[in-house]
Structures are given as structure tokens and as C-alpha cells.
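# Structural overview for review
These are the residues of each chain, in order.
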Amino acid sequence: MTKANESGRIDEQSKQRQLDQYRVDDNGKKMTTNQGLRVSEDEHSLKAGARGPTLMEDFHFREKMTHFDHERIPERIVHARGSGAHGYFQVYEPMTEYTKAKFLQDPSVKTPVFVRYSTVAGSRGSADSVRDVRGFSTKFYTEEGNYDLVGNNIPVFFIQDAIKFPDLIHAVKPEPHNEIPQAASAHDTFWDFVANNEETAHMVMWHLSDRAIPRSFRMMEGFGVHTFRFVNEQGVAHFVKFHWKPVLGVKSLVWDEAQKIAGKNPDFHRQDLWEAIDTGNYPEFEFGVQMIKEEDEFKFDFDILDPTKLWPEEQIPVKIIGKMVLNQNTDNFFAETEQIAFHPGHVVPGIDFSNDPLLQGRLFSYTDTQLSRLGGPNFHELPINRTVAPVHNNQRDGMHRMSINPGPVSYHKNSLAGNSPEPASEGEGGYAHYQEKVDGRKVRQRSESFKDHYSQAKLFWNSMTEVEKEHIIQAFHFEVGKVKSKDVQQQIVEMFSNVDVELAKTIAMGVGVNPPANKSEVQMDLASPALSQEQMKVNTAATRKVAILAADGFNGSEVNQVLESFKSAGITAEFISHNRGVVTSSEGQQVEVNQTFLTADSVLFDAVYVAGGQESVDALMASKEPIYFVDEAYNHFKAIGAGKEGAEILSKAGIVSNDPASGIVAVTDKNSGSAFIEAIAKHRHWKRA
Ligand code: HDD
């Protein structure tokens, strides 16, 4: 282990160089015990005679078995299921005017980061594509120490005060008597919690929207949720909210598809992230900040400390200040993704907290949870958690201590060690808390300004396109429809009539309870287009995955042309046929079949292309799978392309063969090739609905 970086200079590889000291290459090496003793035999335990009992003195057996017996650690109490990657962050312009945080000053510096995406409710082995909030945590390894931005892909939260977090999580997790359902909010206790805690209204609208079923971790926004503070060198503060904006745009699955993916490939998002990085399609996110001057704290019709409220982007614009690129997969999932420990309280000078009562409670919970999850107070020494800045303090001992601190002095102040380590002044980089003046009685109360639970829920509803509204209604029907208690269902209808009476009536109809008794909804006529992912302008086909259905006798020149246009659009394609091996075109060209109709599935692709060539089409039509494949893509509103004879498969599935406005493209020449790419870039073709 080398000493920490005392020079203070950080570059993109700083963290990797540190991790290199812990990476072990077993390749071509002899097997040893953990004591370094070479092992001569690893298949038979030591016995008294070939058919006799195993001997206690078999230290190799005992060590191997003991380690195995203790290989599992407690999974995270929430966000247990996650996927992570390394990368770097670079600021576009110095942010000196607003913050003294060093990693936000110099555009030439690449600060190493590790990001972990997660679902909230499911266990470590649960499926990726479930309806849930996604965690979006970033650890910046800065020269001033680790800065953690522990956010979600939804900008608001279910509750306003951290004391209610255990209740929320108890309600959404599988019910304790029978541990059902896994990774799902569609059950009685969650909806009972919602109905009895009106502050959940806004977040529930987001949770039932398409945001909760992202197409990819690479295609979702990230939000710090809370209001934080930027503080500059002069001690001037701004309230700030943090945003991650995906360069590929915000895209979602549809619900039927999401449920099927959960079975067909539970690792859908994890694999998508892994493969994107592996193939050089590095996920990129722009970093944005919304800022409010301290003196403007009370100028809004919502309380900026309330975590169930967002700051409408039209009112307080997002200033894009930098970019993060994820360019390296992990070497070992457990050592990195599982052992990483985030904490919203890991801040650097220039970033400070606000009095948001949810944030304040989080500042306790995160270190506390790592103590049981990672087994003691030294988890900061695990390679993935280590800062690249130097660490000097008087903390000693504890489980699994790795640093060796020589000498007798481990206290402050002292004279025996010349009073070191010594606190740094602010000018030397010492963290100084923002000197907010606080004055109040000790009370267990919620501020009056936190009591409007419906205006922004309605703002969100007003901001949705018709398709997005329809999806929210369907989600209500599914989720509340799964609730067994009629009473809870009725309470939900009454509660959401405060948002929109018509919406509540529709929910009531779908789940078979009475229309709401309440006839007055909250007064809110505004909309915020920035909240609608359908209205976001980013449409690109880059990194999308297309299934090419082909059999022997496919039209080679046509397929080559399509592959060429895929390549220039950054699309990847897989050949699907009845059997693995190769398929041969009518011109004699052979291509490898990547998957069969048994191993692949329509839901795992963004679009489908049926290759032309009569022989190929006839062979494909000999079974119903290709027709089902195309039909599913159609039902999930995906782009479908077909070569000349490929149209026969489409018509067998009842699909009109050339309707570019609905994302069905006859791919017969170069022009139609680009029309197909455009259709893929649009992501979904709701016109079909
Ligand atoms: Fe939390 C994990 C995000 C409220 C207590 N939280 C955790 C993770 C994310 C969030 C992304 C996973 C970190 C990782 O990948 O390791 N949590 C949020 C957001 C919240 C929020 C955006 C609201 C704005 N959380 C919240 C509250 C509490 C916690 C109010 C408790 C007072 N969260 C935890 C935790 C976890 C955690 C129990 C479990 C594992 C961990 O911390 O490391 O401490």
C-alpha cells in the first residue's frame, strides 16, 4: 500500500492507480492458502483412509470452507440491487462565482468518479426492469476528499421528514408475514401508506409515470433531490439543486414489456450498462445546477426546503456546468459495486447542506447502515471507498483496520507529536460549515409551508402529454388494482381527487370502487414542459439494439446496406434465426447467428428488421415465433423494418407493411434505410395506440 497522494493533483487515473495496488492477477500462478502456503491438492479433503472420515487438521479444507461460509454480507436495507461503473467528471467552466469546490474550477481536470445505479425496493437478486425509483449515486474522488451525490432518477421524494423513512420502506418492501411481493409497490401496505400520508402524492405521480421503468440507466435523468448550498470563497451562498441530464435523452420501457423483461432477462439494465461500456459506447451525463440566491429563499409558492417539491426549470433554469463519462467496467462486482459506501454527508468545501428535514436525517443514516453492512468503522479503507486525498487523523483500531499509524500519539491537542495532525484553517482547505443563523424552539412540527401536497402533483399531471397521462392511468389501474383492500382503494381515489377529479374517477372505474365523493381539486393551471420526457427533444438511434430476423436465402445486398446504415448511426444488431451457427444469403454470404428465437426475445431489442429474400422469409414463416416477435415489437410501439419479401411476415402479424409515420418502414433502398433509422431514433410510435 503506498502513501496517499500528498501533492493534491488529481487526474482521470488517480483512483485507478490507487486501485491497482489492490488488484490481484491470478493468471498462471500457483494456488496458495491465504497464508501464502502453496497448495498441492484441491479436490480431495484429507481423510483417514480413502473411505474414512475427514481430518480436523486439514487446514486447507477448513480455510476454504470457512471463507465460503462467510462470503455474504447483509444487502443494503434499500437500494440492494445495483450496478456500477467507473468514469470521470469534467467541469465546463470555472464555477468560482458560486462555489469554491476545487473539482468545479478547472475544466482541464478530470475528476475520477464511481457511479452506482439501483432500484429501491427489490433484493440484491431482483429484476432490473420493475416499476421503481432508480438510485443514481456518484462518488467524486476529488483532491479535497470524496464528494458523494446520492440521488435518484426522480426529482422529488415520497416523504418530507426522515423520521418517516422506516415507515415508507416497511410499507413498500415485501409484506413481512409472507415476504410477498418482491420488488413491487403494487400491494396493500404500500398503497395504505400512500393513502394515509398525503405528502406522497407528488412522488406517486412520478412513480406511476414512465420514469419508473427506464429503458436504460444510460437514458434517465438524475437528481440530487434536496436543496443543497454552494458557498464561494467569500462565504456567499446560493441554494442549489443538482441534475444529471443523459446525452442519449430520457427513454422508457412500456409496462407490458418491462414485466416480460423481468423474466426474460432480469439483468437487463446491468447488462445494458456493462455492454455499452465494454463496446466503447460510454454513457455520458451533463451536470446541471439550479441556483437560488439566499435572499430569494421565500420568493416562491413552494418551500425550497421541502423535498416533495421541485423547482420548475422554466422558473429557475438548469445551468449545465460539466459532463460525466462512464468508461470503465468493474473488475470485481463485490469489491467495487457491493462494497462502495455512499453518504450524502460526504461533502467538500464549497458544498453545504440545507435544513431540509429529509436531508438532515439522511446525514445520520448512511454511516450508520455501513457499520452493519460492512462490518465496522473502517469501511472507508476499502479500496473502492478510499479517498485519493491524504487521510490524517487520530482515529485508530476497530474491525479490519488496515492503516498502520506509528507512534504513541493518537490525540489532539498534543505536544509529543508537535500537535499533528493539526486542523487546517479555511484558507488551507479546512471545511467550514456555512454560518447560517438558526433560532427556534425545540418542536416536533412540520412547517406550515410544507402543507401543500397537491399543487405540484397537479403541475406534473398538467405537464404530461396524452400518452404519458394514459400510462399513468394504466399504472394506477395496475398498482391499485392489485390492492386487496377495497377500503384502501377507495381512499386512494379520494386522495387523488385532490390532484384531478377526472383522474380519480378514471382510477375508481378501473379498480371498481365508487367515484370520489370529493369534487374539488387543487387550483393549479400551470404546466412545466421540462417534466415531460415525451417533449424532450433528444432523439438518437445511437447505441440502440436491433434484431435482424433472417434464415438461409436472405437478401445479402439489402442486409449489407441496412448494416451499413446501422453502423453509421451507432446501432448494434444481432441476427436471430431458428438455429445458431450461420445463415447464408442468396448470394452465398454467410453471417453468424447471434441468438435463436428460443434465447432471444422481442422485448430485449429496440427495433426489429425482417430481412428480405423469399427463401428466408418462407423458412422463418414455417414457425410462429418470428410472427410473434414482430407482433410484440408492434405492441410495444417499436420501429419495425422489413425488406421486400419481409413484408409477408408483417402482414401475417396483421401489420401494414409500410407506414413510416407509425414506425413501420419498408427498407428497400438507401432512403428507406434512413427512414428506418429515424423511426428507431423516435424510440416509440404512439400513433399505433
Ligand atoms: Fe437513501 C441508500 C437515495 C432518502 C437511508 N439512498 C440509498 C441509495 C440511494 C439513495 C441512491 C443507494 C446508494 C448506493 O448505491 O449504495 N435516499 C436516496 C434519496 C433520498 C433518500 C435520493 C431522498 C431524497 N435514504 C433516504 C432517507 C434515509 C435513507 C430519508 C434515512 C433517513 N439510503 C438510506 C440508507 C441506505 C440508502 C439506509 C441503504 C444503503 C446505504 O444507505 O448505503 O442509509
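Residues numbered from 1 in each chain as written. Predicted model: local features only at pLDDT ≥ 70, side-chain atom pairs only at ≥ 80, totals over all residues. Heavy atoms only, no water.

### Here's the deal with the layout of surface pockets
Here the second largest pocket defines a volume of roughly 1000 Å³. Considering each element in turn, the lining of the second largest pocket owes the most residues, 3 residues, to helix 8 (residues 333–338). Its residues assigned to classes, the lining of the second largest pocket comprises 13 nonpolar, 8 polar and 6 charged. (1 Å grid on protein atoms, 1.4 Å probe; cavity = no way out; pocket = protein on both sides within 12 Å on 5 of 7 lines; lining within 4 Å. Points joined across faces, edges and corners; volume = space filled by probe spheres on them. Helix = DSSP H or I, 4+ residues; strand = E, 2+ residues; numbered from the N terminus. Nonpolar A, V, L, I, M, F, W, Y, C, P; charged D, E, K, R; others polar.)

### Considerations on the domain arrangement of the chain
By domain assignment, the chain separates into domain 1 (54–385), domain 2 (456–530) and domain 3 (545–688). Taking only C-alpha atoms, the centre of domain 2 and the centre of domain 3 are 39 Å apart. (Domains from an automatic or database assignment.)

### As for unusual backbone geometry
Looking along the chain, the bond that leaves isoleucine 180 and enters proline 181 is cis, with omega of -5 degrees. Within the secondary structure, proline 181 sits in the loop between helix 3 (165–172) and helix 4 (188–196). Of note, the amide linkage connecting histidine 412 to lysine 413 takes the cis form, showing an omega dihedral of -5 degrees. In this structure, lysine 413 sits in the loop between helix 9 (357–373) and helix 10 (455–463). Of note in the backbone geometry, asparagine 419 takes a positive phi value of approximately 65 degrees without being a glycine. Here asparagine 419 lies in the loop between helix 9 and helix 10. Residue asparagine 419 is classed as buried on the basis of its relative accessible area of 18%. Although it is not a glycine, phenylalanine 637 sits at a positive phi angle of roughly 65 degrees. (Buried < 20%, exposed > 50% of the residue type's maximum accessible area, 1.4 Å probe, protein only.)

### Some thoughts on the UniProt feature "active site" (unreviewed entry) in the chain
When the UniProt feature table is mapped onto this chain numbering, "active site" (unreviewed entry) sits at His79 and Asn152. Across 74 residues in sequence, these annotated residues keep their C-alpha atoms within 10.5 Å of one another, forming a single compact spot. Residue position: histidine 79 is located in the loop between helix 2 (59–69) and strand 1 (82–91). We classify histidine 79 as buried; its relative accessible area is 18%. Ignoring any residue separated from it by four or fewer positions in sequence, one finds histidine 79 in contact with Arg116, Ser118, Thr119, Val120, Gly135 and Asn152. (UniProt positions renumbered as here; feature names shortened; annotations may be inferred. Contact = heavy atoms within 4.5 Å.)

### A short note on the site of the ligand
Every one of the 24 residues lining the ligand counts as a neighbour, but Arg76, Arg116, Arg362, Tyr366 and Gln370 are closest to it. Here a nitrogen atom of the ligand sits 2.7 Å away from a polar atom, N or O, in the side chain of tyrosine 366. If you list the elements that add at least two residues to the shell around the ligand, you get strand 3 (134–142), strand 4 (145–152) and helix 9. (Near = heavy atom within 4 Å. Polar contact = N/O pair within 3.5 Å; in protein donor to acceptor, adjacent residues only side chain to side chain.)

### Some thoughts on the coordination of the iron atom of the ligand
Around a metal, the ideal angle is 109.5 degrees if four donors adopt a tetrahedral arrangement and 90 or 180 degrees if six donors adopt an octahedral arrangement. When only protein atoms are considered, the iron atom of the ligand has one donor, Tyr366 (OH), at a distance of 1.8 Å. Inspection of the secondary structure puts tyrosine 366 in helix 9. (Donors = N, O, S within 2.8 Å, 3.2 Å for Na, K, Ca; no water.)

### So, the sheet that holds strand 16 (residues 607–610)
Taken in spatial order, the 6 strands make up an open sheet running 15-12-11-16-17-18, and their pairing is parallel. Strands at the two margins of the open sheet, each flanked by one partner only, are strand 15 (595–596) and strand 18 (664–666). (Pairing = 2+ DSSP bridges.)

### Examining the pairing of strand 17 (residues 639–642)
Residues Ala639 and Gly641 line one face of strand 17 and the alternating positions Ile640 and Ala642 line the opposite face, and both faces are buried. In this sheet, strand 17 lies alongside strand 16 in parallel orientation, the contact comprising 4 bridges. Its bridge partner being in strand 17, valine 610 is matched across the sheet by alanine 642. As paired strands, strand 17 and strand 18 are joined by 3 bridges and run parallel to one another. The residue bridging alanine 642 from the neighbouring strand is alanine 666, located in strand 18. In this region the chain leaves strand 17, passes through helix 17 (residues 647–652) and returns to the parallel neighbour strand 18; the handedness of that crossover is right-handed. (Right-handed = clockwise from strand over helix to strand, strands pointing away.)

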